[in-house]
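Okay, here's what each chain looks like letter by letter:
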Amino acid sequence: MIDRIATAVVVVADQDTMLAFFTGPLGFTLTTDAEMWPGARWVEVAPPGGGTSLVLSAAKDFDREPDQVYPMTFTSSDLAATAARLTADGVEVTDRITEPWGTYIRVTDPEGRQLVVVDRVSNRA
C-alpha cells in the first residue's frame, strides 16, 4: 500500500531563483540537485521538519509554461512569527486571513505565484 506522498512538483521558470527563495527566506533544505539528462536538473527541497519534499522542475526542460499556482499548501506552527520573519526578509506576505476552515497567509514567490501557509495550530481537528 502507498503510505505517504514523497514529493510534489512545481514547474518554475528559473530553478536557481526558486532554489534561493526556498533555501533562503523559507528555510528549506536542498536534498537533491542532480542532472536528469544533459542540461536538465532534478532540484528537490524539503522543509526543516522533513516530510513531503518539493521538486522545482524547470519549465524549459519539459517544453511547457511555469505553473501559475502551487499544487499544495504549507503549514507553520507560528504563523505570526513566520509572517514577520518573511516580511523582514523582504518577501511579500498578506495579512492573516481567517476562513471557517482555518487561518492562513499568502506568500508571493519571486516568480509571482502565491503559496498558502496555514496556521497548523488553528487547523487541528
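The structure under discussion appears in the preceding block.
Note that the coordinates shown come from a computational prediction; the quantities given were computed from them, not determined experimentally.

Cut-offs applied
- Residues numbered from 1 in each chain as written.
- Predicted model: local features only at pLDDT ≥ 70, side-chain atom pairs only at ≥ 80, totals over all residues.
- Heavy atoms only, no water.
- Helix = DSSP H or I, 4+ residues; strand = E, 2+ residues; numbered from the N terminus.
- Rg over C-alpha atoms; globule rule 2.2 N^0.38 Å.
- Buried < 20%, exposed > 50% of the residue type's maximum accessible area, 1.4 Å probe, protein only.
- Contact = heavy atoms within 4.5 Å.
- Polar contact = N/O pair within 3.5 Å; in protein donor to acceptor, adjacent residues only side chain to side chain.
- Phe/Tyr/Trp six-rings, centres within 6.5 Å; stacked < 30°, edge-to-face > 60°.
- 1 Å grid on protein atoms, 1.4 Å probe; cavity = no way out; pocket = protein on both sides within 12 Å on 5 of 7 lines; lining within 4 Å.
- Points joined across faces, edges and corners; volume = space filled by probe spheres on them.
- Nonpolar A, V, L, I, M, F, W, Y, C, P; charged D, E, K, R; others polar.
- Arc of directions from axis to C-beta.
- Core = buried A, V, L, I, M, F, W, Y, C linked by side-chain atoms within 4.5 Å.

(A) Structural view of the overall build of the protein. Check the secondary structure of the protein and you find two helices and eight strands. When its helices and strands are written in sequence order, the protein yields β-α-β-β-β-β-α-β-β-β. Since a compact globule built from 125 residues should have a radius of gyration of about 14 Å, the 15 Å found for the protein is in line with a globular shape. Referenced to the eigenvectors of the C-alpha coordinate spread, the extents of the protein come out at roughly 45 × 40 × 25 Å. Residues counted as buried form 38% of the 125 residues belonging to the protein. If you take every contact in the protein between residues at least 6 apart in sequence, the share linking residues at least 24 apart comes to 53%.

(B) Spatial organisation of the side chain of Thr108. Turning to its location among the elements, Thr108 is positioned in strand E7 (residues 102–108). Within the structure, Thr108 has its side chain in polar contact with the side chain of Gln114 (distance 3.5 Å). The contact partners of Thr108, leaving out residues within four places of it in the chain, are Phe21, Val91, Glu92, Arg113 and Gln114.

(C) Representation of the packing of aromatic side chains in the model. The final tally for this structure, using the stated rule, is eight aromatic pairs. Measuring from ring centre to ring centre gives 5.1 Å for Phe22 and Phe28, while their planes differ by 75°; the resulting arrangement is edge-to-face. One exposure class covers both Phe22 and Phe28, and it is buried. Between Tyr70 and Phe74, the ring centres sit 6.0 Å apart and the planes meet at 80°, which makes this aromatic pair edge-to-face. According to the relative accessible area criterion, Tyr70 is buried, its value standing at 8%. Given the relative accessible area of 15%, Phe74 is considered buried.

(D) Local environment of the layout of surface pockets. Taken as a whole, the largest pocket encloses approximately 580 Å³ of empty space. Lining the largest pocket are 22 residues, with Phe28, Pro47, Pro48, Phe74 and Thr75 positioned closest to its centre. Of all the secondary-structure elements, those providing two or more residues to the lining of the largest pocket are strand E4 (53–58), strand E5 (74–76), helix H2 (79–88) and strand E8 (114–119). Its residues assigned to classes, the lining of the largest pocket comprises eleven nonpolar, nine polar and two charged.

(E) Expanded view of H2. Leu79, Thr82, Ala83 and Leu86 are the residues of H2 that are buried. Seen along its axis, H2 keeps its buried residues to an arc of 95°; they face one direction. Its buried side turned inward, H2 meets E5, E7 and E8. Backbone geometry just downstream of H2 places Gly90 in the positive-phi region, at approximately 85°.

(F) Focus on the nonpolar core. One finds Phe21, Phe22, Leu54, Leu56, Phe74, Val107 and Leu115 to be the most contacted residues of the largest nonpolar core, which totals 24 residues. Of all the secondary-structure elements, those providing two or more residues to this core are strand E1 (7–12), helix H1 (15–23), strand E3 (40–46), E4, H2, E7 and E8. Among the elements that take part in this core, H1 stands out by supplying four residues, more than any other. Leaving out residues up to four positions away in the same chain, Leu54 has contacts with Ala8, Val9, Val10, Phe22, Val43, Glu44, Val45, Met72 and Phe74.

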